[in-house]
Each structure stands twice: as C-alpha cells, then as structure tokens.
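Structural characterization, general
The chain contents come next:
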Amino acid sequence: MSLIWPATEAEVVTNASRLHAFVIAVADYPHLNGGSGPPALEPLGLTQVTTPRFTGLAIADWLLTRYQNPLCPLGSVEMLLSPNQLVPSPNGPVPATSATMANIETAFSLWKRRCGTDAGNIAWFYFCGHGVSKDAQYLLPENYGDPGVFQWRNSIDFDGLRVGMRSCAAQTQLFFVDACRETPFALLTQLNVQGNPLTSASFADSVSCSAAYYATTPGRQAYGPDNEVTYFGRALLSCLNGVAAIKKGPKWVVDTYSLGNALGQTMAQLARRHRQPLSCNPDPSGMGRINEVQGPRVIAAVSCTSEIADTVADILISQGATTLHSPPGQPKPIVEEVEAGDWTIQVSFPGNQFASAAVVRTFMPPVFEGVEVP
Amino acid sequence: MPVVFVHGVNTRKTEPGYAARLGLIDRFVQKHLAGATLGGVAINSLSPAFPYWGDLATTFAWNMASLPTGHVNALGPAINNRLRPLIAAFDDDLSNSASAKQQPLLTVAKTKTLPHAVDLISALLLETAAENQADVVADFIVVAHGYAEANPSPAWLATLTTDEQLLNRLVTEAKSSAPPGVQALGVLDNVLNPLAAAGASFKAAIQSAATSILDRSGDFASTKLLAWQRRPLNETLGRFFGDIFIYLDTRGDKAAPGPIPTLILDALDAVKNDAPANDPLIVIGHSLGGVICFDLFSYFRPELTVDLFVTVGSQVSHFEEIKRFKTSNPAIHAPQKAPTPANIKRWINIFDEVDIFSYACDQVFDRVIDFEYDTQTYVIKAHGAYFEQDRFYTRLRARIDAL
C-alpha cells in the first residue's frame, strides 16, 4: 500500500484545495554495489545508503503532524519506501510499498490525478535516494540497474517529470530532490541514457508556481550522516518549521521564495558545522504559500572570530530557561534551530587566552551568525 | 630513521602518474616497514625523501622525431602511446585476447588472478589519472593490492560479467573497512571517476587495437605488434641510455661533483641533518639511481654511513663489470669479488629475471644479498613495476627482518 493517509482513496478530499504529497525514499539498491541482487552491468560507483529511510519517514511525519495551511490543508500522503517498512500515521502504522519503478509509476499516476482535482492544490514531490546527472537529472528507484533489462529502464527523468507536471491542474507544485547531481565518469561513457519522465505536457500547459529545491548544486553530491536524516532533509524541516517564515499580515508564513533563501542559508551553516561540502540549489520559479507557523525560528550559528579562539572557547547561549552550551574542545560553531528573539551569548575562555564577553543579540530568521569575540 | 629513495632512468615529473607513484611508494613503505628494526634500532621515520634529478638528465633536441612512426594514420585520436605496452602485455597474457576485448580487466581477473588484474588496473590508473588525483589513486592502489593479495580468487568474481562491475566491486571491497560517517547520495568514492576513466580508456584501446592488431594471426604478435609498441619502447630505451650518458659525462669528481651527485648528496645531508644523531640511514636506489648511489658512497662520499642500501632493478654489477665506477679496479675480476664499500653496512640487491635492466650482484661484489623477485609482468613494464606492487614490500620487509 502506498497511500499512507487517509486510509482509503475514497477518503481523499478532491473537491477543495488540498496538499497531496508523494514521498519516495530509496535505501535499498539490490543491483548496486553491496546489494543483494545481481549487479548492474555498470554500477556507476553507487552503493547502499541508509539516510533515505530516515529522511522519508521524517518528511512524512512532518506532513502528517506539523504541516499547517488553512488555505490548503493536507489532502493525502502517498509514500514508497525501500526497504519497505511500517510508516506511522494517524490511522496507525501503515506498511509502505517498496520504491520499485513499477510501483512508482502506479503511485505517481494516483498522486497526479489527486493533485489535478483542484487548481488550488499543492503538489508535493519529495525524492530521497541516489541521483545522477547527465543531460538531465535522473532519480534512481530501488530496482535501478537490473541487469536483466535495459540499464536505464528503471530510472526517473526528473527534469522531464517537472515539465510534464505542467499538465497537472495544481498551480502550486513543490519538488524536493534530495539526491546527488554529479556526473560520474562512467555515466559519460554510457550511450542511450534516458529516464522515464512518468508524465508529459503540451506546449500550452503551464503552472503558476513550479518550485524545485535541490539538495546540492549541479555536478555535486548530496550528503547525510549514517542512519540519520540527510542534511538537506534536516534543513528543509527546520525551514518549514519557521526558519523560512516571513511575516505576512498577522501570520508567519513560509512561501516558495522565503524557503529558497532560508534553505540556502541553513545549508551553508550546516556545512560549517559539519565541515562537509554541502550546498543547495533552490529554484522557486513562482510564488506559492506553503506553510504557516506559530512564530519565526532561527538557525543560530555562533562561534568566535577565529578557529584558535573557537578551540578554547566556552560558549553559552541562553534565552530564559533555554540554554545551548559548547565547552572548550567541542566543535564550533554551535548550529541549532532556536526561537527568534533576544538571546544572551556568553563567551569565556577558561584558560584566559582571550578576554571573556557577554552580549545580547536579537536572533531573526533565517540565520543568526557569529559574534565579534574575541 | 631517514629513508631516501633515489629514482632511476626515465623518471620525469612531466610524465603521467609521477606524483601518484611517489605517493604510492610513501604509503607502501609506511605500511610495510612500520615496526621494522635495523641493527636493533627501530625504524621511526618512514616517509621517504625523493631527490629528483630527472630535470638534469637527457633531453631530446627533436623530441625523438627520429623514431619511425606507424604505417596507419587514423583521422581521430590514436591509441595512447603509453597504453600500447599494456595492450601488448595483455595480448601476451591471454590465449585469445581478441575474444576478451569486451571485458579485458575481468578476463584477466578470471583467467589469471585478481592480483594480476589489480596490477593492470594500477598501471592504468598511474598512466591515466590526473595530477590532482595522485593521493586518491595512491590510497586506492595500496588498499586494492592489499585486498587482492589476501583474496587472489574471491568467489564474487564468478558473479561478475563486466569490467565496470569489477572496478566497482574492488572499490566496494576496498571501502568495506572504512569507518562509518557521512554518506553521499552518489558515487561512493573519489577514485571511481579516475578508475572508470582508466577502465574505459583501456577497453577502448583494446577494442581499437583488436580490430587491427590483436586478432590477426600468424606472425603479427612477434613482428607488427612489436613495431606497434616500438615508440614507447624506444622512448624508454632512449631515455635509459641517454640518462646514463648524461650521468657519466657530468658526474664530475670528488673535488667538483657534477649537478646530479650534488643534488643527491645535498638531499642525503638534509635528511641526515634533520634526523636524530646516530639515526640509521636507509637508501633505496632504483635502476640508475642505484648506480649513482654506489658511485656516491664508494667515491664521492665514502665517509657517509649507509645502514641499509637497497638496489632495485639496478645495474650496479654491470657497471662494475665494465669498470665504470670511479673506484672500479680493473685488476679485480672473476673469480675475485669487488669489495662493497665499507660505509655500506648492509646491501640488498633485488632483480627480476624478466626485467632486462636489472642485474644480480653477488657474483661481482662481496657482502651483497641478492634477492630475486618476480613482478609477474613483462619485459618493459617489469623495470618500473616493483614499487607499484604490495607484495614487493612484503618480501622486502621479510628480507630486512632476516638481516
């Protein structure tokens, strides 16, 4: 079963604006290096990964529990997960279907049909798994590389998919590509590289907002820590929870453009914190209202002005009873998602290498960065 | 303990793979000599110094324009000259190389052993990888050799059908002991791109050669194939003799050492000065590097104590036979033995019967230990193959332990 919520197709609201989500997370590639099946004739240097499993569940959980948009409430969550496992939902655990190409084609059709029932719908597409890029961005399902069939038969042409979705009535379309965009040399040697766009559109089709957010810039890799949510997934959830929020009248709102800016800023701070070559490529392409939040949140990235000082600094950040602490020797900067507002930053040096300081700063979204200490 | 590696003929920084080869020697030395002792003294400093004298050696005024070119011109990229000896060796290695052209690397692994294939892959990588990939290439070769030596015929080989699968599997196995950390949603290791490029280059070259060279029967292998690979062979031989002439002509004398002796002696002095007092000195001389070092130790700097002198694929005994050293004494000949200079405390000489530039020493010199090593390669390749093979260092370590 790929429909995680609501329980049945009949319960899906199709006569009013709704967000319909399609989440694909692939953490099992039997035909790639380390897989359990016959190896692909050209594995392209791709191997098993664990992060998509955690990321897919985190995205689904956020949609089911945190997504808030009175103008376009949640309508459905379609999810494919490899390896398949139970997905928590308001109706209890639902067994997810594996993300094979055939299952993706079927689920995509159902999702697109739902999305097409109302122009006010939001179409939400999230893919987490292996990706490669050549003349287009390709996303790889579980059974990519099956040596029994044409190597590229089981692959998604994401660029084609995004264009093809112009034929869908939903005027706000959000695509999240949490996958690599590099071009392995082995891919350059391949002829007839072609993926399945899953849908098509005509010259006359268009949508007012087709926003794509890539986990990395063209030609580069996307990353995540073993057995955890990817860095892009983390950044996205922080942004949706308020880091990307801007004030619109009485409400704090995340829209397609504010999300793009906040994602880029957040990924830059995660890159500093984790010392990884993280990047991000937002392409909002139209204004769309995504989410409402109670209040703004901020990625606080606090460190000293030099690495030498960072190494010996004891940094304490506090707001009321909430404190963040990074003693000497722990990695800097501190990068945490916190509430916006006034925070006290205390920087001390137990070894008296530099003069200690305490300052009050106002954290405003999306990012608060650094203090001039020492 | 300082280790100094003195390169031989035909070594130029401008040649593909120069930096990667140095990186490879550095890693292999550190891997295999760690924990070794010499005369009861632990070997502590294992990162070799590499004095480079290639810029002082032979140049060709017409860039070897005197070499005859092939008979056929292609209106497109020709087969890389530097791959030609590898292709010829591939042809020698297999009973039917033309049929193996579709998956040449996998064919070698299956019909011979995985270490044979890794030798070939390593040679390809060193010939084709870009300079900025030197570290990743050297790291991979060290690990891949270690894996292949421990698993010469892994069961998974039978499940593979393409070269690309083999290269991917090798990297996967090499990475299997890597610590957990951050995953990329893409290629598993930086070495995959240079590996894929090397594999693709070789397959394309094999397939191109197969249509015109390898699958012709009769005398082709012994005549046309030799001509086909003549240019890279001639380049090697040309530089070999050229570098020797240059050294002999310019080495100077004790009062006024020439540029090459000066450069190497300065490097030896530098590592000795940087090392703790009385720390022993290991000098590894490859090919003409061994000859030059012998000249330095016997004539230019007899007061320099060398605790272990290792000559590899070298011509020291040949030069002594023709009395070309400054200290050579024409009165000493068979059945006598020439004396090893007293400042050389221990001397191991390593040769491969297939390496036509290598010579045995123990019939010419006293106090030298000869050690025959089979690179399992072919005539031209053997001369440079020693230092690219994990098993070479394993055996060298065993010899050092036995001293």
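Reading the values: the criteria
- Residues numbered from 1 in each chain as written.
- Chains lettered and ligands numbered in written order.
- Predicted model: local features only at pLDDT ≥ 70, side-chain atom pairs only at ≥ 80, totals over all residues.
- Helix = DSSP H or I, 4+ residues; strand = E, 2+ residues; numbered from the N terminus.
- Buried ≥ 20, exposed ≤ 12 C-beta atoms within 10 Å, placed from the backbone.
- Contact = placed C-beta atoms within 7 Å.
- Nonpolar A, V, L, I, M, F, W, Y, C, P; charged D, E, K, R; others polar.
- Pairing = 2+ DSSP bridges.
- Axes fitted to C-alpha atoms, helices over the stretch in contact; angles between N-to-C directions.
- Domains from an automatic or database assignment.
- pLDDT = per-residue confidence, 0-100.
- Core = buried A, V, L, I, M, F, W, Y, C linked by C-beta atoms within 7 Å.
- Expected span 1.5 Å × (residues − 1).

What to know about the overall build of chain B
Helix and strand counts for chain B stand at 14 helices and eight strands. Looking at chain B residue by residue over its 403 residues, the buried ones come to 47%.

Re the interface of chain B and chain A
Facing the 24 residues of chain B at the interface are 31 residues of chain A. Counting only elements with at least two residues in the side of chain B that touches chain A, the list comes to helix H6 (163-175), strand S4 (182-184) and helix H7 (192-214) of chain B. Considered class by class, the residues forming the side of chain B that touches chain A number 12 nonpolar, nine polar and three charged.

Describing the pairing of strand S18 (residues 314-319) of chain A
All names here are of chain A. With five bridges connecting them, S18 and strand S21 (residues 341-348) associate as antiparallel partners. Within S21, the residue paired with Ser318 across the bridge is Thr344. Pairing of S18 with strand S19 (residues 322-326) involves five bridges; the strand directions are antiparallel. Of the residues in S19, the one forming a bridge with Ile317 is Leu324. Connecting S18 to the next strand, S19, in antiparallel fashion are two residues, including Gly320 with a positive phi near 60°.

Topic: the sheet that holds strand S20 (residues 334-339) of chain A
Residue and element names in this part refer to chain A. Here three strands make up an open sheet; going across it, the order is S20-S17-S23 and the pairing mixed. If you trace the sheet from one side to the other, it starts and ends with S20 and strand S23 (367-369), each paired once. Strand-to-strand twist across the sheet, computed as the mean angle between neighbouring axes with direction ignored, equals 20°. Two strands pair when backbone bridges link them, and strand S17 (residues 297-302) and S23 are joined in this way by three bridges, in the parallel orientation.

Some details on the environment of A:Asp310
Residues and elements named next belong to chain A. In this fold, Asp310 is placed in helix H7 (residues 307-312). Note: C-alpha distance between Asp310 and Leu64 (246 residues apart in sequence) is 40 Å. Among all residues touching Asp310, those that are not within four sequence positions of it are Ser303, Cys304 and Lys332.

Here's the deal with the domain arrangement of chain A
Residue and element names in this part refer to chain A. The domains assigned to chain A are domain 1 (3-295) and domain 2 (298-369). When each unit is reduced to the centre of its C-alpha atoms, the spacing between domain 1 and domain 2 is 34 Å. In this assembly, 14 residues from domain 1 lie in contact with 12 residues from domain 2. Considering each element in turn, the side of domain 1 that touches domain 2 owes the most residues, eight residues, to helix H6 (residues 256-274). Residue classes in the side of domain 1 that touches domain 2 are distributed as five nonpolar, seven polar and two charged.

Focus: the confidence of the model for chain B
On average, residues of chain B score 84 in pLDDT, and 82% of them are at 70 or above. This complex was scored by the predictor with a pTM of 0.80 and an ipTM of 0.73.

Observations concerning the environment of A:Pro284
Residues and elements named next belong to chain A. For Pro284, the location among the structural elements is in the loop between strand S15 (281-283) and strand S16 (289-293). Since 20 C-beta atoms lie within 10 Å of it, Pro284 is described here as buried. For the pair Pro284 and Asn69, spaced 215 residues apart in sequence, the C-alpha to C-alpha distance is 19 Å. The residues touching Pro284, leaving out its near neighbours within four places in the chain, are Ala211, Thr256, Tyr257 and Gly260.

Details of the sheet that holds strand S7 (residues 347-351) of chain B
All names here are of chain B. A sheet is described by the order of its strands in space; here five strands give the open sequence S1-S5-S6-S7-S8, paired in parallel fashion. Either end of the sheet is taken by a strand with one partner, and the two such strands are strand S1 (3-6) and strand S8 (369-372). Ignoring which end each strand starts from, the neighbouring axes of this sheet average 15° apart.

Topic: the nonpolar core
Counting residues in hydrophobic clusters, the biggest one holds 212 residues, and the most contacted among them are A:Val23, A:Cys239 and B:Val137. Here this core gets 10 residues from one element, more than from any other, and that element is helix H5 (residues 134-150) of chain B. Residues contacting A:Cys239, with those up to four places away along its chain left out, are A:Ala244, A:Val254, A:Leu259, A:Ala262, A:Leu263 and A:Thr266.

Thoughts on unusual backbone geometry
For the peptide bond that leads from A:Lys332 to A:Pro333, omega is 5°, which places it in the cis range. With respect to the element layout, A:Pro333 can be found in the loop between S19 and S20. With an omega of 5°, the peptide bond between B:Ala334 and B:Pro335 qualifies as cis. Its identity as a non-glycine residue notwithstanding, A:Leu198 has a phi of 70°, on the positive side. Note that A:Leu198 resides in the loop between helix H4 (185-188) and strand S11 (209-214). Residues other than glycine seldom take positive phi values, yet A:Asn352 does so here, at roughly 55°. Looking at the element boundaries, A:Asn352 is found in the loop between S21 and strand S22 (357-363). You can call A:Asn352 exposed: it has 9 C-beta atoms within 10 Å.

Observations concerning helix H5 (residues 231-243) of chain A
Because an α-helix packs 3.6 residues into every turn, residues spaced three or four apart end up facing the same way. Taking 1.5 Å per residue as the helical rise, H5(A) with its 13 residues ought to reach 18 Å, whereas the 15 Å between its terminal C-alpha atoms falls clearly short. When you tally the buried positions in H5(A), you get 10 out of 13 residues, the bulk of the element.

A few points about the domain arrangement of chain B
Interface size is commonly expressed as the accessible surface area that is lost when the partners come together. Residues and elements named next belong to chain B. Here chain B is described as being made up of domain 1 (3-59 + 237-401) and domain 2 (98-214). With centres defined by C-alpha atoms, the gap from domain 1 to domain 2 works out at 31 Å. With 17 residues of domain 1 in contact, the opposing surface of domain 2 contributes 19 residues. Looking at the side of domain 1 that touches domain 2, the elements that each hand over two or more residues are helix H1 (18-33) and helix H14 (390-401). No other element matches H1, which puts eight residues into the side of domain 1 that touches domain 2. Here the residues of the side of domain 1 that touches domain 2 are counted per class, giving five nonpolar, five polar and seven charged.

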